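# Observations on the three-dimensional arrangement
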Amino acid sequence: MLNSWERAALKDALDDPDAVAWLRNDPRKPWSFTVPYQVGSEYKPMYPDLLVFRRQGGGLVCDILEPHSPDFADTVAKAKGLAAFARDHGDEFGRIRLIAKFGSTYKAIALDDIETRDKVLGVATKEHLDQLFAAA
């Protein structure tokens, strides 16, 4: 079952005429797609909510979409983990987005953009991350 944030992100993704399929990435399943993120010296698993497949350049690419409340305590760590994943593996994927809702507006940070990704890697506080969302 998708929550309202996931439904909004999925609707936006499926509005792309090149979108062909999607998967709700259920957490903690043997087949779940996992991205590590660091809290202190410990690494934890993150399960990005949506994987969307679309046509690109004669083939298929997988977009990673993570709608996540900026109010959760793990948001900065997860944002940095997803940015590090984008740095290390982004060339194997399409769009990599961290999505949040501010009021009635959804904002997405494009972690597949090198400049944006590097800014997220330097984030230290929730307020700093909120500034990046505001600029998105």
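Located above this text is the structure these notes cover.
### Topic: the overall build of the chain
Scanning the chain from terminus to terminus reveals four helices and seven strands. Taken from N to C terminus, the helices and strands of the chain fall in the order α-β-β-β-β-β-α-β-β-α-α. Its C-alpha atoms give the chain a radius of gyration of 14 Å, within 12% of the compact-globule value 14 Å for 136 residues. Taking the principal axes of its C-alpha atoms as reference, the chain extends roughly 40 × 35 × 30 Å. Each of the 136 residues in the chain was classed as buried or not, and the buried ones make up 44%. In the chain, 55% of the contacts between residues at least 6 apart in sequence involve partners at least 24 apart. Positive and negative charge centroids in the chain, built from 18 and 21 side chains respectively, lie 3 Å apart.

### Quick word on unusual backbone geometry
Positive phi outside glycine occurs at Arg28, with the angle close to 60°. In this structure Arg28 comes out as exposed when scored by relative accessible area, which is 66%.

### Things to note about the pattern of salt bridges
Evaluated as defined, the whole model comprises 13 salt bridges. The salt bridge involving Asp63 is made with Arg54; its shortest N-O contact spans 2.5 Å. Accessibility assignment for this pair places Asp63 and Arg54 in one class, buried. By sharing partners, the salt bridges in this structure join Asp16, Arg54, Asp63 and Arg95 into a single network.

### What to know about the side chain of Glu6
Tracing the backbone through its elements, the reader meets Glu6 in helix 1 (residues 4-14). A relative accessible area of 3% places Glu6 in the buried class. A distance of 3.2 Å separates a polar atom in the side chain of Glu6 from a polar atom in the side chain of Arg24.

Criteria and thresholds
- Residues numbered from 1 in each chain as written.
- Predicted model: local features only at pLDDT ≥ 70, side-chain atom pairs only at ≥ 80, totals over all residues.
- Heavy atoms only, no water.
- Helix = DSSP H or I, 4+ residues; strand = E, 2+ residues; numbered from the N terminus.
- Rg over C-alpha atoms; globule rule 2.2 N^0.38 Å.
- Buried < 20%, exposed > 50% of the residue type's maximum accessible area, 1.4 Å probe, protein only.
- Contact = heavy atoms within 4.5 Å.
- Lys, Arg positive; Asp, Glu negative; His and termini not counted.
- Charge placed at Lys NZ, Arg CZ, Asp CG, Glu CD.
- Salt bridge = Lys/Arg side-chain N within 4 Å of Asp/Glu carboxyl O.
- Polar contact = N/O pair within 3.5 Å; in protein donor to acceptor, adjacent residues only side chain to side chain.

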